[in-house]
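# What the coordinates show
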Amino acid sequence: MSPMTITEKILAVHAGKKQVSPGDLLDVRIDFALGNDVTAPLAVKAFQEIGAKKVFHRDRVALVLDHFTPAKDILSAEQCKVLRDFAKTYHLTHFYEGGEAGVEHTLLPEKGLVLPGEVVIGADSHTCTYGAVGAFSTGVGSTDLAAAMTTGKLWFKVPETLRLVYYGKLNPWVSGKDLILFTIGDIGVDGALYQAMEFCGEAIKTLPMSSRFTMANMVIEAGGKNGIFEPDDVTLKYVKPRAKRPYRIYRSDPEAHYAVEREYDVSTINPQVALPHIPSNVKDVRKVGKIEIDQVVIGSCTNGHLDDLRVAAKVLKGKKIAPFVRLIVIPPTPVIYRQAMKEGLFEIFLSAGAVISPPTCGPCLGGYMGILAAGERALATTNRNFRGRMGHIESEVYLSNPAVAAASAVKGRICHPEEVIKRI
Amino acid sequence: MNTEGKIWKFGSDIDTDAIIPARYLSQSDPKELAKHAMEDERPDFIKGVKEGDILVAGKNFGCGSSREHAPIALKAAGVSCIIAKSFARIFYRNGLNLGLPLLESSEASEVIQDGDQVRVNLDTGEITNLTQDKKFSAKPIPAFMQELIADGGLIPHLQKKRVKKK
């Protein structure tokens, strides 16, 4: 047998094959499928058109109402109702809304519903996030979700793998967000088109789960099909107490074939900022010049983890945000919300002048809860800075890590956290 | 199967927010979505597009979100085929799943100009620029995908399979 990568191994097992190679078309068994209030209503319609009588497994489909919820308008409320009715009709175990809901890609790992070695699909492009726990996980459209909900299977082409090796010691205030922004800046927004991105190296081993989720989350911004980390002690410490099912650990064979290998010395990477209007337009935060901002958003499936809120609070403690700047903090799940409150982070955010939102994807995609007017500029810890992404077509979005975002809210312009706080 | 129409030309990295902004995603009616297709990117598109027209774009067309509303909006606006240097993978799956043919050809993407009249043979991938009197060949669509497109997309394809089973 030829050696295989972790991605190839997971796909092979789920297609009932001993050996697969890049380019092979496989009928793949799905362990878990996800939809949200924007994408799933179309999937429900397609499901009905297929004439399906039940979902393939009522414990293996999640509907999470997180994008335009709590419902922002009548049309959104109707979309939510379609999903609520569907969940009732087909007795779905995992239907999340209101006080149970959270930003899907933070919520599902937290609940132990997406696990190492699994194949997970979701009708949301950031479904690639779960590669952080060592799953093959990828975004699809609504029609694919309908097919997966019906049959429990989906076709996939085995991707080539791009191996990304990170070594060296991380600089202060640098997290997974900076590593992935730097990487996207290096390879471009289609640098990993149709490919798996496998993250490895000694620097990766030192990253907490929050940073790994952030990195896997943004592989789609390089065109990647999936991003993946080999599970280690850090992964298992996160997964074990949460897992709702048994799972298997896969690792790449030492001799596995990679399409491309790239190495990064992380000691040369400082906090990064992606400038408008494409995530690959990345610069060192010290080199962006004087960019004044109107709004800062801290949250989203990319950077709403407890670690992210903690580092933002560390920067903001005892400080006020600049006049005429809005700071919106969005804890992404009820568990993180409660914990942040218990730890006193809310007190720090509120004293600084922030508004704290309930869990929602809202502003990240220009849905609601912080839309920009023409000519306004936001710095966000989210994942996309496309033209008009957060509101008016003549507004601008910059992307950064939470520490840079918090410091910039205080200064009213994009800055390095060291301008606001001496030491991490 | 052939399709013929006027070309609407776009650049590289056209994202799904440009194809259909999120402010219109509170519903998923194809006709409503079509009214706003490419609205911010190219406001004259929706005013002028006719049934059968063809899109030509650079690399990485449809990058970003997985919203199927994007190919739905283009298809409902009348677009019969998209030719690009490359497609973002989720958009590629979504387009074909909806029965919207997507062809990859770097040469066609570069040479074909806005407003040209173009004919596409979807079976062979042959692209004929009637205005410039030039021919290009695209990478053929995989056989099982052609079957999907011929059935009108993944859903009609699955319906057909279910009927056969019975």
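For the structure itself, consult the block above.
From a predicted model like this one, the values you see are computed outputs, not experimental measurements. (Residues numbered from 1 in each chain as written. Chains lettered and ligands numbered in written order. Predicted model: local features only at pLDDT ≥ 70, side-chain atom pairs only at ≥ 80, totals over all residues.)

With that out of the way, let us pick up the overall build of chain B. Scanning chain B for helices and strands turns up eight helices and seven strands. Here chain B has a C-alpha radius of gyration of 15 Å; the compact-globule value for 166 residues is 15 Å, and the two agree. Each principal axis of the C-alpha distribution contributes one length, and for chain B these read about 50 × 40 × 25 Å. By sequence separation, contacts in chain B at least 24 residues apart represent 67% of the contacts at least 6 residues apart. (Helix = DSSP H or I, 4+ residues; strand = E, 2+ residues; numbered from the N terminus. Rg over C-alpha atoms; globule rule 2.2 N^0.38 Å. Contact = placed C-beta atoms within 7 Å.)

We now examine the sheet that holds strand β9 (residues 196–200) of chain A. Working definition: the strands of a sheet are paired by backbone hydrogen bonds and lie parallel or antiparallel to each other. Residues and elements named next belong to chain A. An order of β10-β9-β8-β11 is seen for the four strands of this open sheet, with the pairing classed as parallel. Strands at the two margins of the open sheet, each flanked by one partner only, are β10 (226–229) and β11 (260–265). With strand direction ignored, the average angle separating the axes of adjacent strands in the sheet is 20°. (Pairing = 2+ DSSP bridges. Axes fitted to C-alpha atoms, helices over the stretch in contact; angles between N-to-C directions.)

Another point: the sheet that holds strand β3 (residues 61–64) of chain A. Residues and elements named next belong to chain A. One open sheet accounts for five strands, arranged β4-β3-β2-β5-β6; its pairing is parallel. Unpaired on one side and paired on the other, β4 (94–96) and β6 (136–139) mark the two borders of the sheet. Taken over all neighbouring pairs, the strand axes of this sheet differ in orientation by 15° on average, direction set aside. Bridging between β3 and β4 involves three bridges; their strand directions are parallel. What sits directly across from A62, in β4, is H94. Relative to strand β2 (residues 32–36), helix α5 (residues 142–151) is tilted by about 140°, and along the sheet it contacts β2, β3 and β5 (119–122).

Opposite the 40 residues of chain A that make contact, chain B presents 33 residues. Secondary structure elements with two or more residues in the side of chain A that touches chain B: α2 (40–50), α3 (74–89) and α5 of chain A. Residue classes in the side of chain A that touches chain B are distributed as 18 nonpolar, 13 polar and nine charged. (Nonpolar A, V, L, I, M, F, W, Y, C, P; charged D, E, K, R; others polar.)

Now for the packing of helix α11 (residues 306–316) of chain A against helix α13 (residues 345–352) of chain A. Residues and elements named next belong to chain A. It is at 9 Å that the axes of α11 and α13 come closest, and there the two elements cross at 50°. Comparing their axes, α13 and α11 come out oblique. Both α11 and α13 take part in a crossing whose hand is left-handed. Across from L309, R310, A313 and L316 in α11, the residues of α13 making contact are L345, I348, F349 and A352. For the contact of α11 with α13, the class distribution of residues is seven nonpolar, no polar and one charged. (Parallel < 35°, antiparallel > 145°, perpendicular 65-115°, else oblique. Left-handed = near helix turned anticlockwise from the far one by under 90°.)

Below, the discussion takes up unusual backbone geometry. Residues and elements named next belong to chain A. Here the amide bond leading from T69 into P70 is cis, since omega sits at -10°, within 30 degrees of zero. Looking at the secondary structure, you find P70 in the loop between β3 and α3. Cis geometry is adopted by the peptide bond preceding H277, which originates at P276 and carries an omega value of -5°. Mapping H277 onto the fold places it in the loop between β12 (272–274) and β13 (282–284). Phi is positive for Y194, close to 65°, though the residue is something other than glycine. Examined against the element boundaries, Y194 turns out to sit in the loop between α6 (176–187) and β9.

Moving on, we get to the nonpolar core. By size, the foremost hydrophobic cluster in this structure holds 198 residues, and its most contacted members are A43, V296, A312 and A378 of chain A together with I83 of chain B. Dropping the residues within four chain positions of it, I83 of chain B is found in contact with I54, V56, L103, S105, A108, S109, I127 and A138 of chain B. (Core = buried A, V, L, I, M, F, W, Y, C linked by C-beta atoms within 7 Å. Buried ≥ 20, exposed ≤ 12 C-beta atoms within 10 Å, placed from the backbone.)

We now examine the packing of α2 of chain A against α5 of chain A. Residues and elements named next belong to chain A. At a closest axis distance of 8 Å, the pairing of α2 and α5 adopts a crossing angle of 55°. If you check the angle between α2 and α5, you find them oblique. When the axes of α2 and α5 are compared, the crossing they make is right-handed. On the side of α2, the interface is formed by A40, L42, A43, A46, F47 and I50, while α5 contributes S142, T143, L145, A146, M149 and T150. A class-by-class count of the residues in the contact of α2 with α5 yields nine nonpolar, three polar and no charged.

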